[in-house]
Amino acid sequence: MVRIRVLVVDDHRIFAESLAAAMAAEPDVDVGAAGSGPAALRCLERAAADGRPFDVMLVDADLGAAAVPPQGVRAPVARAVADDGEDGPDRLVDGLSLVSGVRSGQPEVRCVVLAEKDDPRRAALALQAGASGWVAKDCSLQRLLAVIRGVLREETHLPPALLTGVLRELTAARKHRTESERLVESLTPREREVLRCMVAGLGRKAVAERLFLSPHTVRTHMQNVLGKLGVHSTLAAVALARRAGVGPADPAGKLAGNVVERGGQLA
């Protein structure tokens with residue numbers, strides 16, 4: 001019998017332990033549980049290192065929400081539950097970020113988001129992050145098991161009531177991305193390199209040193225970037241760039257095409 005290894009990630013201990021216990025009663029299911037994003041990543045890493053990787057990760061859509069602090073106050077990290085006894089000053093990882101990170105690092109792990117309520121926008125974001133399903137927390141155990149087995153067959157599962165809303169959200173997101181890509185394509189190669197530096201969080205002086213330009217020239221490039229993108233701040237430019245798929249400038253000062261400019265001349 002082929003066994004399915006499932007990791008439940010939820011910072012509500014009672015829910016996580018109850019769900020894990022119910023699923024463990026199935027003859028072909030092995031279950032682990034974690035109470036935070038960092039704890040889940042540790043579980044996944046340990047399981048992979050031991051040669052017994054998890055097949056499916058069930059993630060609370062509101063993971064970490066209960067631990068969000070008032071503005072300016074550092075939140076404690078939710079404790080891990082069940083098979084992870086480690087506590088520590090780890091950073092918080094929300095549900096969708098966890099899905100995205102796991103799908104990037106361990107693409108063989110299928111992710112299903114567990115939600116307390118239907119939300120087309122968040123369900124669409126979950127799919128974009130790499131989730132294979134969005135399931136109500138109060139669904140039956142048999143329904144959840146059917147979804148788990150379905151995503152292992154490369155199926156995508158959504159509640160029927162969400163389909164129209166999710167398709168609408170995905171269509172809108174694609175339209176926004178296409179428009180953002182068009183605006184970025186209007187930039188010159190040098191302006192695109194400046195934009196990538198902005199995405200990397202570099203200030204004007206750092207960009208000038210990196211590109212061997214004067215601060216005044218960098219300022220002009222940045223103003224041109226904002227104007228062509230139709231935005232009024234660096235933050236808005238970075239957000240648009242990310243929608244268009246523009247990543248940060250390469251580390252260690254590497255530039256696109258290894259082209260730099262010194263004294264107005266290309267080297």
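A quick note: this is a predicted structure, and the numbers were derived from the prediction, not measured.

Enquirer: Describe in detail the packing of aromatic side chains, supporting the description with residues and values.
Expert: Enumeration over the complete set of coordinates arrives at zero aromatic pairs. For the cation-ring pair, Arg 5 lies above Phe 54, with the distance from its terminal atom to the ring centre recorded as 4.4 Å. Here the basic side chain of Lys 137 rests over the ring of Phe 15, its NZ or CZ set 4.6 Å away from the ring centre.

Enquirer: Which residues make up the side chain of Ser 36, and what values go with them?
Expert: Here Ser 36 is to be found in the loop between β2 (29–34) and α2 (37–49). Within the structure, the side chain of Ser 36 is placed 3.2 Å from the backbone nitrogen of Ala 39, a separation counted as a polar contact.

Enquirer: Just give me the short version of the packing of helix α7 (residues 189–199) against helix α9 (residues 215–229), but keep the residues and values in it.
Expert: One way to put it is that α7 packs onto α9 with a least axis distance of 9 Å and a crossing angle of 95°. Accordingly, the angle class assigned to the pair α7 and α9 is roughly perpendicular. In this structure, α7 contributes Arg 190, Glu 191, Val 194, Leu 195 and Met 198 to the contact, and α9 contributes His 221, Met 222, Asn 224, Val 225, Leu 226, Lys 228 and Leu 229. Split by residue class, the contact of α7 with α9 holds seven nonpolar, two polar and three charged.

Enquirer: Outline the environment of Gln 142, supporting the account with residue identities and numerical values.
Expert: Following the sequence through the fold, Gln 142 ends up in helix α5 (residues 141–151). For the pair formed by Gln 142 and Met 23, sequence separation is 119 residues and the distance between their alpha carbons is 9.5 Å.

Enquirer: Now, about the nonpolar core: what can you tell me, with residues and values included?
Expert: Core analysis: the biggest nonpolar cluster contains 30 residues, and Leu 7, Met 57, Leu 98, Val 113 and Trp 134 have the highest contact counts within it. At five residues, α2 tops the list of elements feeding residues into this core. Ignoring sequence-local partners within four residues, the contact set of Leu 7 consists of Gly 32, Ala 33, Ala 34, Ala 40, Cys 43, Leu 44, Phe 54, Val 56, Met 57 and Leu 58. One finds Val 218, Val 225, Leu 229 and Ala 241 within the second-largest nonpolar core, a separate group that totals 25 residues.

Reading guide: rules and limits
- Once a new chain begins, its residue numbering starts again from 1 and follows that chain's sequence as written.
- With the structure being a predicted model, the display of local features is reserved for residues of pLDDT at least 70 and the display and counting of side-chain atom pairs for 80 or more, all residues being used for whole-chain, interface and lining totals.
- Think of the side-chain values as coming from all heavy atoms in the structure, minus any hydrogens and water.
- Only centres within 6.5 Å qualify two rings of Phe, Tyr or Trp (six-membered ring in Trp) as a pair; their planes then separate them into stacked at under 30 degrees, edge-to-face at over 60, and tilted for everything else.
- Consider the ring centre and the ring normal. A charge sits over the ring if Lys NZ or Arg CZ is within 6 Å of that centre and within 35 degrees of that normal.
- Each helix is a run of H or I in the DSSP string that is no shorter than four residues. Each strand is a run of E no shorter than two, and both are numbered from the N terminus.
- N or O atoms closer than or at 3.5 Å make up a polar contact, with two conditions inside protein: a donor-capable atom paired with an acceptor-capable one, and, for residues adjacent in sequence, both atoms drawn from side chains.
- To obtain an axis, a line is fitted to C-alpha atoms, over the contacting stretch when the element is a helix, and the angle between two such axes runs from 0 to 180 degrees between their N-to-C directions.
- Oblique is the label for any angle not under 35 degrees, not over 145, and not in the 65 to 115 range, which are roughly parallel, roughly antiparallel and roughly perpendicular in turn.
- Note on contacts: a residue pair is in contact if any heavy atoms of the two residues lie within 4.5 Å.
- Each residue receives one of three labels: charged for Asp, Glu, Lys and Arg, nonpolar for Ala, Val, Leu, Ile, Met, Phe, Trp, Tyr, Cys and Pro, and polar for the others, Gly being one of them.
- Residues grouped as a nonpolar core are buried Ala, Val, Leu, Ile, Met, Phe, Trp, Tyr and Cys residues, joined through side-chain atoms within 4.5 Å.
- For the exposure calls, accessible area comes from a 1.4 Å probe over protein chains only, and a residue counts as buried if that area is under 20% of its type's maximum, exposed if over 50%, partly exposed in between.

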